[in-house]
Amino acid sequence: MTEAAPATMTRIQQKNRDLILEGALTAFSANGFRGATIDQIAKAAGLSKPNVLYYFASKDEIHKTLLTTLLEMWLDPLRRLDPEGDPLAEVLAYIRAKLMMSRDFPRESRLFAYEILQGAPHLTEVLGAGLRQIVDDSAAILARWMDQGRLRRVDPHHLIFSIWALTQHYADFDAQVRAVLGASRDPIAEAEGFAEDLYRRLLAP
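Residues numbered from 1 in each chain as written. Predicted model: local features only at pLDDT ≥ 70, side-chain atom pairs only at ≥ 80, totals over all residues. Heavy atoms only, no water.

Asks: Which residues make up the environment of A97, and what values do they have?
Replies: Residue position: A97 is located in helix α5 (residues 87-104). Judged by relative accessible area, A97 falls into the buried class, the value being 18%. Along the sequence, A97 and I188 sit 91 residues apart, while their C-alpha atoms lie 11 Å from each other. Setting aside its immediate chain neighbours within four residues, A97 contacts P77 and R80. (Helix = DSSP H or I, 4+ residues; strand = E, 2+ residues; numbered from the N terminus. Buried < 20%, exposed > 50% of the residue type's maximum accessible area, 1.4 Å probe, protein only. Contact = heavy atoms within 4.5 Å.)

Asks: Quick one: what's the story with the side chain of N16, residue by residue and with numbers?
Replies: Structurally, N16 can be placed in helix α1 (residues 11-35). Among the residues examined, N16 registers a relative accessible area of 13% and is labelled buried. Sequence-distant contacts of N16, defined by excluding residues within four places in its chain, comprise L47, N51 and Y55.

Asks: I'd love a proper account of helix α2 (residues 38-45), names of residues and values included.
Replies: Every buried residue of α2 is listed here: I38, I41, A42 and A45. The arc that holds every buried residue of α2, seen down its axis, measures 100 degrees, which confines them to one face. On its buried side, α2 packs onto α1, α3 (49-55) and α4 (59-79). (Arc of directions from axis to C-beta.)

Asks: Lay out the environment of G182 with the relevant residues and their values.
Replies: Looking at the secondary structure, you find G182 in the loop between α10 (174-181) and α11 (187-203). Along the sequence, G182 and L66 sit 116 residues apart, while their C-alpha atoms lie 32 Å from each other.

Asks: Outline the packing of aromatic side chains, supporting the account with residue identities and numerical values.
Replies: One pass over the full model with this rule turns up 3 aromatic pairs. Between F28 and F33 the ring centres are 6.0 Å apart and the planes differ by 20 degrees, which places this aromatic pair in the stacked class. By relative accessible area, which is 16% here, F33 ends up buried. Measuring from ring centre to ring centre gives 4.9 Å for Y54 and Y55, while their planes differ by 90 degrees; the resulting arrangement is edge-to-face. For Y54, a relative accessible area of 57% translates into the label exposed. Positioned over the ring face of F33 is K59, at 4.3 Å from the centre of the ring. (Phe/Tyr/Trp six-rings, centres within 6.5 Å; stacked < 30°, edge-to-face > 60°. Lys NZ or Arg CZ within 6 Å of the ring centre and 35° of its normal.)

Asks: Tell me about the packing of α4 against helix α8 (residues 130-147), and please be specific about residues and values.
Replies: Close contact between α4 and α8 brings their axes to 10 Å; oriented N to C, the two are set at 20 degrees. Considering the angle they form, α4 stands roughly parallel to α8. By crossing handedness, the relation of α4 to α8 is classed as left-handed. In this structure, α4 uses L75, L78 and R79 to contact α8, whose residues at the interface are L131, I134, V135 and S138. For the contact of α4 with α8, the class distribution of residues is 5 nonpolar, 1 polar and 1 charged. (Axes fitted to C-alpha atoms, helices over the stretch in contact; angles between N-to-C directions. Parallel < 35°, antiparallel > 145°, perpendicular 65-115°, else oblique. Left-handed = near helix turned anticlockwise from the far one by under 90°. Nonpolar A, V, L, I, M, F, W, Y, C, P; charged D, E, K, R; others polar.)

Asks: Can you tell me about the pattern of salt bridges, naming the residues and giving the values?
Replies: As enumerated under the stated definition, the model contains 12 salt bridges in all. In this structure, D76 and R80 form a salt bridge, with 2.4 Å as the shortest nitrogen-oxygen distance. Between R103 and D104 there is a salt bridge, with its nearest N and O atoms 2.8 Å apart. Assessed through its relative accessible area of 47%, R103 is described here as partly exposed. Bridged by salt links that share partners, the residues R96, E196 and R200 form one connected network. (Salt bridge = Lys/Arg side-chain N within 4 Å of Asp/Glu carboxyl O.)

Here you go:
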C-alpha cells in the first residue's frame, strides 16, 4: 500500500519511500502507534533510521500517510456504488469487495482498527468531513432504492455500519476466526456465501 510520491522523486527515492511505508505498516499494525518506533520501522524497511527520517520528518508523518492512503482505499468500493445499477446486486458487490479487502489487506485493516480503538487521535485531520459525506451520499442512494420499493426498508447508515462490522471482522479478528473454524476451512469463502444469504434475506423487497 503506497501513496503517490511527488513527481520529482527518482526511482530509488520512490523505492525507499515505499519500503518505509511497508515497514511502517508492519510495525504499526503489530504494535499500534504508541508501541511502534522509528527504529522498528527502519529495521522492517531494511534502511537506516537517518534514511527513514530523510523521507519522513516524524513517526506521526508516516502514520498520517498510511492512514490517508488506507482511508482512500477503504472507501473506494463505497464510491463505486452505482445509483443506476440493480440495488441488491450493488450491495452484494460492495460486501464482496469489502471481504476481499479483509482477505488481501489484513494489516491495513488492523492499523485502522488500532487507531479507532485509541479514539482516532490521528484520524481527525485525515477524516475531516470527507468520510461523513461519502457515507451520507451512499446512504442517500440506498434510501432512494428503498423509497422506490427496490430494497426492503432499513436504516441505510446502520446497514453500511453492519457491512463494515461483518466484513472487517475477518481481518481484525483473523486469529480468533481461524482458531474457531480450524485450518481446513476458508473463512472468507464461507463468509461470502453467508453474507450474501444474510443480506438477500434482509434487503430483498
